[in-house]
Structure formats: C-alpha cells, structure tokens
Amino acid sequence: MRPSKTDTNEPTQVENGRALGSEHPPFMTGFICNALNPKTMLFIVALYSQVVSPDTGMATELGYGAFIAAAHVIWFALIASLFTGEHFKQHLAI
C-alpha cells in the first residue's frame, strides 16, 4: 500500500498564505467548508424558524440575514486572529 501525501510526517509548506499544492486561498477554502457544512444550515433553519413567520416583512428578513452574516464574519475573523497570533503559536511550540 502506497502512503498518500497526507500520511507523511513532513510539515506542510506554506507560500503566500496557502499550502503548496493547494489551488484555493485559505479564505475560499474556509468559506466553502462552512457553506457546505450541514450543521451551519441546520443552525440557521432552527434559529430562523423561531422568529420568522409568514407575516414577517421582507425588510425584517433581510435584517435577520444581514445580522447572521455579520455574526459569522465576526466570529470566524476572531477565531482566525486568535489562532494565528504569536501568543497562541508560542503555546503550541514544543
């Protein structure tokens, strides 16, 4: 059995913010991963089914959509900033 590229213990080489051999920048990879994540869809449907009714106006629905989009952007930007910071990297170093 031949080992795959992911079976090696070699560190991933990064150039210009993306792993070598990757066709997508990290932002697009993260966006696609979250957009195709079924848990995200279920969360949004469960959340909105509690507050949206047939009588809810279009402006209110758009406001809900803008709010959840902004909340996701802020959350993922915070996580990315924290996990790529020097303080966090120093704690991971062995």
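Residues numbered from 1 in each chain as written. Predicted model: local features only at pLDDT ≥ 70, side-chain atom pairs only at ≥ 80, totals over all residues. Heavy atoms only, no water.

## Quick look at the overall build of the chain
This is how the line gets drawn: Only runs of H or I of at least four residues qualify as helices and only runs of E of at least two qualify as strands under DSSP, and these elements are numbered from the N terminus. Each residue gets one of three labels from its accessible area relative to the maximum for its type: buried under 20%, exposed over 50%, partly exposed in between, using a 1.4 Å probe on protein chains only. Accessible areas in this description were obtained via Shrake-Rupley with a 1.4 Å probe; residue shielding takes into account the shown protein chains only.
Across its full length, the chain holds 4 helices and 2 strands. In sequence order, the chain lays out its α and β elements as β-β-α-α-α-α. In the chain, buried positions account for 4% of the 94 residues. Summed over all atoms, the accessible surface of the chain reaches about 8500 Å², with 67% contributed by carbon and sulfur.

## Observations regarding a nonpolar patch on the surface
Quick reminder of the rule: The patches reported here contain residues having more than 30% relative accessible area and no salt bridge. Joining distances are 9 Å for like charges and 5 Å for nonpolar side chains (Val, Leu, Ile, Met, Phe, Trp, Tyr). Here, a salt bridge means any side-chain nitrogen of Lys or Arg that lies within 4 Å of a carboxyl oxygen of Asp or Glu.
A cluster of nonpolar side chains, Trp 75, Phe 76, Leu 78, Leu 82, Phe 83, Phe 88 and Leu 92, forms an exposed patch at the surface whose accessible area comes to about 720 Å². Of all the elements in the fold, those that place two or more residues in the nonpolar patch are α3 (58-84) and α4 (86-92). A per-element tally of the nonpolar patch places α3 first, with 5 residues. Within the secondary structure layout, Leu 78 lies in helix α3. The exposure class of Leu 78 is partly exposed, given its relative accessible area of 42%.

## Focus: the side chain of Thr 40
Filter applied, for reference: Polar contacts here mean pairs of N or O atoms no more than 3.5 Å apart (in protein, one a potential hydrogen donor and the other a potential acceptor; neighbouring residues in sequence count only if both atoms are side-chain atoms). Contacts between residues were defined by any pair of non-hydrogen atoms, one from each residue, lying within 4.5 Å.
Turning to its location among the elements, Thr 40 is positioned in helix α2 (residues 38-51). Judged by its relative accessible area of 17%, Thr 40 falls in the buried class. A distance of 3.0 Å separates the side chain of Thr 40 from the side chain of Asn 34, its partner in a polar contact. Beyond its immediate sequence surroundings of up to four residues, Thr 40 is in contact with Asn 34 and His 72.

## A few points about the confidence of the model for the chain
Interpreting fine coordinate detail is not advised for predicted regions of low pLDDT. Where we set the bar: How sure the predictor is of each residue is captured by pLDDT, a score from 0 to 100.
The predicted model of the chain has a mean per-residue pLDDT of 77, with 73% of residues at 70 or higher. Least confident of the elements in the chain is strand β2 (residues 18-19), whose mean pLDDT is 53; most confident is α3, at 89.

## What about the packing of α2 against α3?
Formally: Between the N-to-C directions of two axes lies an angle of 0 to 180 degrees, each axis being a line fitted to C-alpha atoms and, for a helix, fitted only over the stretch in contact. In this scheme, roughly parallel covers angles under 35 degrees and roughly antiparallel covers those over 145, while 65 to 115 is roughly perpendicular and the rest are oblique. Each crossing gets its hand from how the near helix is turned against the far one by less than a right angle, where anticlockwise is left-handed and clockwise is right-handed. For this scheme, ten residues count as nonpolar: Ala, Val, Leu, Ile, Met, Phe, Trp, Tyr, Cys and Pro. Four count as charged, namely Asp, Glu, Lys and Arg, and the remainder, Gly too, count as polar.
The interhelical angle for the contact between α2 and α3, taken along N-to-C directions, is 140°, at an axis separation of 12 Å. Taken together, the axes of α2 and α3 are oblique relative to one another. Crossing hand, α2 versus α3: right-handed. In this structure, α2 uses Thr 40, Phe 43, Ile 44, Leu 47, Tyr 48 and Val 51 to contact α3, whose residues at the interface are Tyr 64, Gly 65, Ile 68 and His 72. Residues belonging to the contact of α2 with α3 are distributed by class as follows: 7 nonpolar, 3 polar and no charged.

## Focus: the side chain of Thr 56
Residue position: Thr 56 is located in the loop between α2 and α3. For Thr 56, the side chain forms a polar contact with the main-chain nitrogen of Ser 53, separated by 2.9 Å. If sequence neighbours within four positions are ignored, Thr 56 has contacts with Val 51, Glu 61 and Tyr 64.

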